[in-house]
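For reference, the chains in residue letters:
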Amino acid sequence: MKVLIATQKPFAAAAVAGIKDILEKGGHEVVLLEKYAEQADFVKAVADVNAIIIRSDKVTAEVLDAAKELKIVVRAGAGYDNVDLAAASAHGVVVMNTPGQNSNAVAELAIAMMIFMARTQFTPATGSEVQGKTLGIQAFGNVGRLVGAKAKALGMKVKALDPFLSDEQIAAGGAEPVHTLDELYTGSDYLSLHIPALPSTIGSIGYDLITKMPKGATLVNTARKEVIDEAGLEKALEERPDLKYVTDVAPDNLAVLQEKFGLRVFATPKKMGAQTAEANVNAGLAAANQIVDYFATGNTRFQVNK
Ligand code: 3PG
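Computed from a prediction, not measured in an experiment: that's the story for all the values here.

Parameters at a glance
- Residues numbered from 1 in each chain as written.
- Predicted model: local features only at pLDDT ≥ 70, side-chain atom pairs only at ≥ 80, totals over all residues.
- Heavy atoms only, no water.
- Salt bridge = Lys/Arg side-chain N within 4 Å of Asp/Glu carboxyl O.
- Helix = DSSP H or I, 4+ residues; strand = E, 2+ residues; numbered from the N terminus.
- Buried < 20%, exposed > 50% of the residue type's maximum accessible area, 1.4 Å probe, protein only.
- Pairing = 2+ DSSP bridges.
- Axes fitted to C-alpha atoms, helices over the stretch in contact; angles between N-to-C directions.
- Contact = heavy atoms within 4.5 Å.
- Phe/Tyr/Trp six-rings, centres within 6.5 Å; stacked < 30°, edge-to-face > 60°.
- Lys NZ or Arg CZ within 6 Å of the ring centre and 35° of its normal.
- Polar contact = N/O pair within 3.5 Å; in protein donor to acceptor, adjacent residues only side chain to side chain.
- Near = heavy atom within 4 Å.
- Areas by Shrake-Rupley, 256 points an atom, 1.4 Å probe, with all protein chains shown as cover.
- Nonpolar A, V, L, I, M, F, W, Y, C, P; charged D, E, K, R; others polar.
- Domains from an automatic or database assignment.
- Buried area = accessible area lost by both parts, 1.4 Å probe.

1. A word on the pattern of salt bridges
And step 1. According to the stated counting rule, one finds eight salt bridges in the structure shown.
And step 2. In this structure, D21 engages K25 in a salt bridge whose closest nitrogen and oxygen atoms are separated by 3.0 Å. A residue pair is termed a helical-turn pair when its members lie 3 or 4 positions apart in one helix, as D21 and K25 do in helix α1 (residues 13-25) at four residues.
And step 3. On the accessibility criterion, D21 (37% relative accessible area) is partly exposed.

2. Quick look at the sheet that holds strand β2 (residues 29-34)
And step 1. Pairing in this open sheet of five strands is parallel, and the strands run β2-β1-β3-β4-β5 from one edge to the other. Each end of this open sheet is capped by a strand with a single partner; those strands are β2 and β5 (94-97). The average angle at which neighbouring strand axes cross in this sheet is 15 degrees, direction not considered.
And step 2. Relative to strand β4 (residues 72-75), strand β3 (residues 51-54) runs parallel, the two sharing four bridges. The partner of I54 across the bridge, within β4, is R75.
And step 3. Of the strands in this sheet, β1 (2-7), β2 and β3 are in contact with α1, which crosses β2 at around 155 degrees.

3. Observations regarding the packing of aromatic side chains
For any two aromatic rings, the description comes down to two numbers: the centre-to-centre distance and the angle of the planes.
And step 1. Enumeration over the complete set of coordinates arrives at four aromatic pairs.
And step 2. Considering the side-chain rings of F116 and F266, the 4.9 Å spacing of their centres and the 75 degrees angle between planes classify their relative orientation as edge-to-face. Taken as a pair, F116 in helix α5 (residues 103-118) and F266 in strand β12 (residues 265-267) lie far apart in primary sequence, 150 residues in all.
And step 3. For F116, a relative accessible area of 14% puts it in the buried group.
And step 4. Site record: aromatic cluster; members linked through ring pairs are F116, F122 and F266.
And step 5. Cation over ring: K235 sits above Y207, and NZ or CZ is 4.0 Å from the ring centre.

4. As for the environment of T186
And step 1. With respect to the helices and strands, the residue T186 is situated in helix α8 (residues 181-186).
And step 2. With relative accessibility at 42%, the residue T186 sits in the partly exposed group.
And step 3. Every residue in contact with T186, bar those within four places of it in the chain, is listed here: K212 and P214.
And step 4. From its side chain, T186 meets the backbone oxygen of D182 in a polar contact 2.4 Å long.

5. So, the site of the ligand
And step 1. Around the ligand sit K9, R55, S56, R75, G77, A78, G79, N102, R224, K271 and A274, and that is every residue in its neighbourhood.
And step 2. Contacts to the ligand include N102, whose side-chain N or O atom sits 2.9 Å from an oxygen atom.
And step 3. In isolation the ligand exposes 320 Å². Once the protein is present, 95% of that is buried.
And step 4. Each residue belonging to the shell around the ligand can be placed in one class, and the counts come to two nonpolar, four polar and five charged.

6. Here we look at the domain arrangement of the protein
And step 1. With domains assigned, the protein is organised as domain 1 (2-101 + 275-297) and domain 2 (103-267).
And step 2. Listed per partner, the contact involves eight residues of domain 1 and five residues of domain 2.
And step 3. Both faces considered, domain 1 and domain 2 share a buried interface measuring about 460 Å² in area, 44% of it formed by carbon and sulfur atoms.
And step 4. Our enumeration of links across domain 1 and domain 2 arrives at one salt bridge.
And step 5. Of the charged contacts in the structure, one is a salt bridge between R224 and D81, with a shortest N-O distance of 3.1 Å.
And step 6. Seen at the junction of domain 1 and domain 2, the total is two residue pairs in polar contact (both at pLDDT 80 or more).

In structure tokens form, the structure reads like this:
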């Protein structure tokens, strides 16, 4: 089979080498499309491929229409909001992710961002310590649990809200369970977002929730920019000069936010939560193994469009 690795933001070289090795040993041919400038380049590259490995690359209906031989797409990572699942299913294409494989990298970045903001973006201005503060975690999945464990090691109190988990499951993950957004936001000096981008979550974090946070609080977003109501965020930061926002996914209104709020807002220049050699290797090799296994045995364990 012909497998395309399509990564606008390339994997580390070690990950590419490992992916190729697994696929070629499995009897597959590998083609590489990295740092492509236009979506049209991606559309062109899929014409004769049977499988695709992607990161945040957009697998749209147009891509799927053009990929006449395609059987499987594996998103090397967790979030698959960049894949048109309905179109994939309509084309009979299996879509998988590689859950958990890049979680530690994202969790480390969330912690780093908290401290970066607590220490006023590493400027000489007097900062604060995270020890003794409360971290609220919205969605206690793979990343949320790792953020919680690291925060506890820093001496933080950790609370988590996750409607898909029982109190016992949250407690087993080391956090105090809370049951409402109100409770979570009201009680969190730091609030770390780990919700996926779904119709129900897009634009769900706005003025009402953000202004519930206590004095001096920081909202940390290593999830997706789409979950933020940007106008609401701007209004909240305007009314509450004590609040801060740090994000791994630059909002559309970043220039305005930075101009208005200076050191109270920070966004990474490019999404980099999962951009470590380790995360690239873990997620990339898992994706390659899942493709080999799918073609050899039909294993669809990580399929997300069942
Ligand atoms: C994910 O959903 O796995 C992360 O957001 C990582 O995305 P990336 O592969 O584009 O860095």
